[in-house]
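A look at the structure
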Amino acid sequence: MITTSYRPRNPGHDYYGRGTYLITLVVSDRSPLLGRLGEDVMHPEVVLSPLGEAVKREWEATPGRQAAHGNRVAVHACVCMPDHFHGVLEVLEPMQWSLGDIIQAFKASCTSLWQQQHGHGHSTNRPISVDCFSSQAPAWLREKARLHDNEGALIRAMSKRQRQQYYTLVGREQRPLFDDNYDDTVCLDQRHRQAMVAYVHDNPRRAILRRALPQLMQRSLHVLIGQRDYGVFGNLFLLRWPGKVQVQCHRRHPLTREPFENTPEYAHLHQQWVEAIIAGATVIVTPGISRGELMMKNECLKNGYPLIHIQKEPITPYWKPERMRFEACANGSLLILAPWRLDAMAPVNGVPADTDYSRFHNMNRLAAEICAFNGSASILR
């Protein structure tokens, strides 16, 4: 079964109404069918294959195809990477179709294009019910076909495992071009929309950088640091720096109760941190949760100061950081650590470990462990 990095779609969101989305589709098996990555980071590009060109044209034709069904949509950007696709799509007015119906229609058209380019004629795109009642079809497939006479409904009624069994039965040429699922990021505002478009256009450069600087953008799902297992992304050499310093700040001053980042104590600590960084003696270690920690984390990212950032979100096979942290990784100044089993750590002051309160304290506990760590990390995978 294919492992993907897809997030679940946003529960409670109205996928029939107006909205703008960053759509991500992954080619089945991560096969690089859409093109090849260029070499020049100063002029980043993906040299598209004929299939990649066809997929791009199909995306650009989406508004016209949807208008025929009474749906008003616009597309604002797209990029075909060798093994995946990003596009920004806007729903202009409420629809009878859902966003999922539009994406499924696009994926189905791309699959037809792929099959045609491989010399499979129209008969290859026959209704799947033709296969459901063959002598080789398993009983579960015949039963589902009986209950779901609509082809699209039949495919959606199958589990991932059942779809895999079906594609094994009918052959690779019947398998869709793109993976079963897709990722949609809901646009929050105009600034977010601009960031979505910029992200799409910047994808080739980011991919070339990751290939050119593997030691600074290492992604490992399981790295043993001391006795704990982390997912990592970035410059592992920062772990070996002898002068690591933890930035930990309470949200409020314990006596005056004013925001800690506004106090003279924070100003004094901040001066010490920056002086040590400028002297070349410090790597900042912090989860960046409280306001004071977040301010110092962002200052490190902005100025290129060495930083080990501990985050609660897991690092998965295709996960990558947002632009600011990505650029810091490319500069060699950032290592991102994501502890596995964070919620299995001990409760704090009797508060369960899976609460924000305990996560805050446990992540700062991990930061202290990283600061004391002087050994070598063991990459498990």
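Residues take numbers from 1 onward in each chain, read along the sequence in its written order. In keeping with the model being predicted, local features are shown solely for residues with a pLDDT of at least 70 and side-chain atom pairs are shown and tallied solely at 80 or more, while totals for entire chains, interfaces and linings include all residues. Side-chain figures throughout are based on the complete set of non-hydrogen atoms in the structure, without hydrogens or water.

So, the packing of aromatic side chains
- Each pair of aromatic rings taken from Phe, Tyr and Trp, with Trp reduced to its six-membered ring, is defined by centres within 6.5 Å and is described as stacked if the planes are under 30 degrees apart, edge-to-face if over 60, and tilted in the remaining cases. Inspection of every chain in the model, using the stated rule, returns eight aromatic pairs.
- Aromatic pair W59 and F106: ring centres 5.2 Å apart, planes at 75°, arrangement edge-to-face. Residue W59 is found in helix 1 (residues 50-60), and its partner F106 is found in helix 3 (residues 99-117); the two are separated by 47 residues along the sequence.
- Whether a residue is buried, partly exposed or exposed follows from its accessible area with a 1.4 Å probe, protein chains only, as a fraction of its type maximum: under 20%, in between, or over 50%, in that order. In this structure W59 comes out as buried when scored by relative accessible area, which is 2%.
- By definition here, charges over rings are those cases where NZ of Lys or CZ of Arg is within 6 Å of the ring centre and within 35 degrees of the ring normal. The residue whose ring lies beneath R206 is F326, and the NZ or CZ to ring-centre distance is 4.1 Å.
- When the ring centre of F360 is taken as origin, the NZ or CZ atom of R251, which lies over that ring, is 5.6 Å away. Secondary structure follows DSSP: runs of H or I at least 4 residues long count as helices, runs of E at least 2 residues long count as strands, and numbering of each begins at the N terminus.

Here we look at the confidence of the model for the protein chain
- As a per-residue measure, pLDDT reflects the predictor's confidence and takes values from 0 up to 100. Per-residue confidence for the protein chain gives a mean pLDDT of 86, with 90% of residues at or over 70.
- Segment residues 1-8 is flagged for pLDDT under 50; beyond a separation of four residues in sequence, or across chains, it makes 21 contacts in the model. A contact between two residues is defined here by any heavy atoms of the two lying within 4.5 Å.

Some words on helix 8 (residues 190-212)
- One less than the number of residues in a helix, times 1.5 Å, gives the span that helix is expected to have. The first and last C-alpha atoms of helix 8 sit 33 Å apart over 23 residues, in line with the 33 Å expected at 1.5 Å per residue.
- In this analysis the local bend is the angle between axes fitted, respectively, to the seven residues ending at and the seven residues starting at the residue. At D202, helix 8 shows its maximal kink, close to 50°; a proline, P204, follows between one and four residues later.
- Within helix 8 the residues assigned to the buried category are M196, V197, V200, D202, N203, P204, R205, R206, A207, I208 and L209.
- Definition of a polar contact: a pair of N or O atoms within 3.5 Å, with one able to donate and the other able to accept a hydrogen when the atoms are protein atoms, and with sequence-neighbouring residues admitted only if both atoms are side-chain atoms. Where helix 8 starts, the residue carrying a side-chain oxygen 3.2 Å from the main-chain nitrogen of R191 turns out to be D189.

Comments concerning the nonpolar core
- Counting residues in each nonpolar core, the largest one holds 26 residues, and the members touching the most others are V55, F85 and F178.
- Sorting the residues of this core by element identifies strand 1 (19-26), helix 1, strand 4 (73-80), strand 5 (84-91) and helix 3 as the ones contributing at least two each.
- Here the element with the most residues in this core is helix 3; it accounts for six residues.
- Beyond its immediate sequence surroundings of up to four residues, F178 is in contact with L25, V26, V27, S28, L34, V55, F85, F106, K107 and C110.
- Think of a nonpolar core as a cluster: buried Ala, Val, Leu, Ile, Met, Phe, Trp, Tyr and Cys residues, connected wherever their side-chain atoms sit within 4.5 Å. Core analysis: the second largest hydrophobic core is formed by 25 residues, M217, F260, V274 and L307 among them.

A short note on the sheet that holds strand 1
- In this description, strands pair whenever DSSP reports at least two bridges between them. The strand order across the open sheet built from four strands is 4-5-1-6, with neighbouring strands paired in antiparallel fashion. Sheet topology places strand 4 and strand 6 (183-186) at the edges, where each strand pairs with a single neighbour. Adjacent strand axes in the sheet meet at a mean angle of 20° when their direction is disregarded.
- Where strand 4 lies against strand 5, seven bridges are found, and the strand directions are antiparallel. Bridge assignment links C78 to a residue of strand 5, and that residue is G87.
- Along the sheet, helix 1 makes contact with strand 1, strand 4 and strand 5, crossing strand 4 at roughly 165°.
- To get an axis, a line is fitted to the C-alpha atoms, and for a helix only the part in contact is used. The angle between two axes follows their N-to-C directions and goes from 0 to 180 degrees. Contacts from helix 8 reach strand 1, strand 4, strand 5 and strand 6, with the element oriented near 30° to strand 4.

Observations regarding the sheet that holds strand 10 (residues 283-286)
- The seven strands are arranged 9-10-11-12-8-7-13 in an open sheet whose pairing can be described as mixed. In this open sheet, the two edge strands, each paired with only one partner strand, are strand 9 (244-246) and strand 13 (378-379).
- Of the strand pairs in this sheet, strand 7 (residues 218-225) and strand 13 are connected by two bridges, and their pairing is antiparallel. Its bridge partner being in strand 13, L224 is matched across the sheet by S378.
- Packing against the sheet, helix 12 (residues 356-372) makes contact with strand 7, strand 8 (228-234), strand 9, strand 10, strand 11 (307-310) and strand 12 (334-339), and its axis sits at approximately 160° to strand 9.

A word on the side chain of E293
- Within the element layout of this structure, E293 appears in helix 10 (residues 291-303).
- We score Asp and Glu as negative and Lys and Arg as positive, and we do not count His or the chain ends. Any Lys or Arg side-chain nitrogen found within 4 Å of a carboxyl oxygen on Asp or Glu counts as a salt bridge. Lacking a salt bridge, the buried E293 has R251 as its closest oppositely charged neighbour, with an N-O distance of 7.5 Å.
- Residues within four places of E293 in sequence aside, it is in contact with V247, Q248, C249, T286, P287, G288, F360 and N364.

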